[in-house]
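Single-letter residue listing:
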Amino acid sequence: MRMLALHLAVLAGVAALQFVLPAYHHTNAARILVLATYAIGFNIAFGYTGLLSLGHALFFAGGMYATGLLVDQGGWQPWAALLAGPAAGGVLAAGVGLLALRTAGPAFMIVTLMFAQAFHLAILYWGRFTGGDEGFTLSGAARRLGPFDLADPATRYGAAFLLFAAAMLGCLALVRSRTGRVLIAVRENEERTRMLGYDPFRAKLLALVLSGLLSGAAGATYGLMFGYVGGSFAAIQYSILPLIWVLLGGAGTVLGPLLGTALLFYLIDWASSVTTASQFVVGAVLILLVLFAPRGLLGLLRERGLRSLP
Amino acid sequence: MSLLEARGLVRHFGGLRAIDGVDFDLSAGEIHALIGPNGAGKSTLVGLLSGRIPAQAGTIRFDGRDITRLPAHVRVGCGIAYAFQITSVFPRLTTFDNVALAVQRTGARDLAAATGAALARVGLAGEAGQLAGTLSYGHQRLLEIAMGLALAPRLLILDEPTQGLATGEIESFMALVRSLVPEVTVLLIEHNMEVVMDLAQRITVLNAGRVLARGTPSAIQADRAVQAAYLGG
Ligand SMILES: Nc1ncnc2c1ncn2[C@@H]1O[C@H](COP(=O)(O)OP(=O)(O)OP(=O)(O)O)[C@@H](O)[C@H]1O
Ligand SMILES: [Mg+2]
């Protein structure tokens, strides 16, 4: 109960932020909320189930391109195209999972990486449809969901907030459910979990599909919100970023993805304003993190007393 | 009535014949002890029965059904539960969560109540909120047993359950096992001969991957080959 109250309070705080933030940070916050949704998706696979994928850009960009192409070239209604985003992410994750989950550890990382790279190359190769590296922008009509115009900052924030709130509460419900307990058990000891009667393959596939679904939803929403679909979202950088966000905030915590995404976003923002060597600053912070808080900030908090933090 | 029938089981590790042509039967409702010197192949044999280790030859029938090729998690669903020799609880999860994992596999409605009852059965109700890794060794052994029991199995395989338990804990463990039969069939690997002679209705003696003898406790105690190989005269 106390934990549910804590998470609801965080949501209320995030909702209230939009009324106090100046325009620049207002846009940033909306961006962070969508990217944090992506991080929550990544965290279900990585943080809770122990699946270290290096190819999640496939699911994020897959959702983004599915929605973007359907609305831009397929003539779909934006809201229908938006639903195609998570569907694409989930289907792609199921396909990748059926093959990649036959491996584990480093092999799993490499196989997921290869799938994502293949997708990135395919986007560049079929540039006639995808716009290649430059991508394509979405028209104003493509960004109107019924009466809601995502080009309007307040609406955009509202959409980002709804997506994030649904993802976060969904994640909270999942990890406190019986299914969530099995996912965590697989992370902790796969063979022991099997001897309790659970098929680890099935559990991991489920986690990956849920993860892909959320990643695809985030990618699709991101595309519509900012009116742009581009090849860079399918690049390896977008597979590494969610890993860093989650590690920073705390892998296997519900609030960690939001914290990590926001911190890294503003760290990069601040570092590039004071030095041209912003990458160096970010690298230094990450090294400090690995040395002093390998379980991330909320992981540290959990170790230091707040043990029931989900 | 026979619950389990294994025929011609073989499992070699490289050149080592851990299990080398073993036939093994369990009657429904019995407490059956599996004994033998270190390295005799006891853990390997129950690994074959539970599906943790694949058999290289032979067949296993459980309740009339051929389970030889079934993966371990499906065998758990058939009613075979295995409690590890080397304690293998989830150290970073709470005692409650460890047992809840087993309880929820049975589809129990009220998870908290059923888990509490399973913990109370082995005397760990007070430790529910503790991380399993912080429990004493003996308590981790009891937790391991609780996890096996909580699966509500028809066959419960216990691999050296009393190792590391205090005398008082052994007493209550024996009472617990007695209370399980005949609803549950118990296969017990055990080095403590007092426990074996006290609990078991039948005993199988394994040596170097083969069955050396089988029979009632008194017959086994009188068996010369067993005395030579194992009981030390
Ligand atoms: N995975 C494995 N790889 C190689 N050898 C193994 C493996 N598992 C067991 N063995 C070997 O097989 C033989 C039988 O081992 P097993 O664990 O079944 O014996 P045990 O009767 O349970 O002994 P203990 O009383 O010490 O537990 C031993 O010589 C052991 O070293
Ligand atoms: Mg053994």
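These figures come from a predicted structure and were not determined experimentally.

Quick notes on the rules
Residues numbered from 1 in each chain as written. Chains lettered and ligands numbered in written order. Predicted model: local features only at pLDDT ≥ 70, side-chain atom pairs only at ≥ 80, totals over all residues. Heavy atoms only, no water. Helix = DSSP H or I, 4+ residues; strand = E, 2+ residues; numbered from the N terminus. Buried < 20%, exposed > 50% of the residue type's maximum accessible area, 1.4 Å probe, protein only. Contact = heavy atoms within 4.5 Å. Areas by Shrake-Rupley, 256 points an atom, 1.4 Å probe, with all protein chains shown as cover. Near = heavy atom within 4 Å. Polar contact = N/O pair within 3.5 Å; in protein donor to acceptor, adjacent residues only side chain to side chain. Nonpolar A, V, L, I, M, F, W, Y, C, P; charged D, E, K, R; others polar. Pairing = 2+ DSSP bridges. Axes fitted to C-alpha atoms, helices over the stretch in contact; angles between N-to-C directions. Donors = N, O, S within 2.8 Å, 3.2 Å for Na, K, Ca; no water.

**Details of the overall build of chain B**
Stage number 1. Within chain B, the secondary structure is distributed over nine helices and 10 strands.
Stage number 2. With respect to the principal axes defined by its C-alpha atoms, chain B has extents near 50 × 40 × 35 Å.
Stage number 3. Out of the 233 residues belonging to chain B, those deemed buried represent 54%.
Stage number 4. Within chain B, residue pairs in contact and separated by at least 24 positions form 64% of the contacts whose partners lie at least 6 positions apart.
Stage number 5. For chain B, the exposed surface amounts to about 9400 Å²; the carbon and sulfur share of it is 52%.

**Let's talk about the site of ligand 1**
Residue and element names in this part refer to chain B.
Stage number 1. Taken together, 14 residues sit near ligand 1, with Asn-38, Gly-39, Lys-42, Ser-43 and Thr-44 positioned nearest.
Stage number 2. Backbone polar atom of Gly-39 to an oxygen atom of ligand 1: 2.9 Å apart, as the coordinates give it.
Stage number 3. With respect to ligand 1, the side chain of His-191 contributes an N or O atom lying 3.1 Å from an oxygen atom.
Stage number 4. Here ligand 1, which alone exposes 640 Å², has 61% of that area covered by the protein.
Stage number 5. Broken down by secondary-structure element, the contributors of at least two residues to the shell around ligand 1 are β2 (16-27) and α1 (42-50).
Stage number 6. When its residues are assigned to classes, the shell around ligand 1 shows five nonpolar, seven polar and two charged.

**Describing the sheet that holds strand β3 (residues 31-35) of chain B**
Residue and element names in this part refer to chain B.
Stage number 1. Spatially, six strands are ordered β6-β7-β8-β3-β9-β10 in an open sheet, and the strand pairing comes out mixed. Strands at the two margins of the open sheet, each flanked by one partner only, are β6 (80-83) and β10 (210-215). Neighbour-to-neighbour, the strand axes of the sheet open up by a mean angle of 15°, direction not taken into account.
Stage number 2. Of the strand pairs in this sheet, strand β9 (residues 202-207) and β10 are connected by five bridges, and their pairing is antiparallel. Looking at β10, one finds that Val-205 is bridged to Ala-213.
Stage number 3. Docked against the sheet, helix α5 (residues 137-150) engages β6 and β7 (155-159), running at close to 165° with respect to β7.

**What to know about the coordination of the magnesium ion (ligand 2)**
All names here are of chain B.
Stage number 1. At the metal site, the magnesium ion (ligand 2) is ligated by Ser-43 (OG) and Gln-85 (OE1), and these contacts range over 2.0 to 2.2 Å. A residue pair is termed long-range when its members are at least 10 positions apart, and Ser-43 in helix α1 and Gln-85 in the loop between β6 and α3 (95-105) qualify at 42 residues.
Stage number 2. On the accessibility criterion, Ser-43 (21% relative accessible area) is partly exposed.
Stage number 3. What makes Gln-85 partly exposed here is its relative accessible area of 24%.

**Notes on the environment of Arg-144 of chain A**
All names here are of chain A.
Stage number 1. Relative to the assigned elements, Arg-144 resides in strand β2 (residues 144-145).
Stage number 2. For the pair formed by Arg-144 and Val-209, sequence separation is 65 residues and the distance between their alpha carbons is 28 Å.
Stage number 3. With near-sequence residues (within four places) excluded, Arg-144 lies in contact with Pro-78 and Asp-149.

Just geometry here; none of it tells us what the structure is for.
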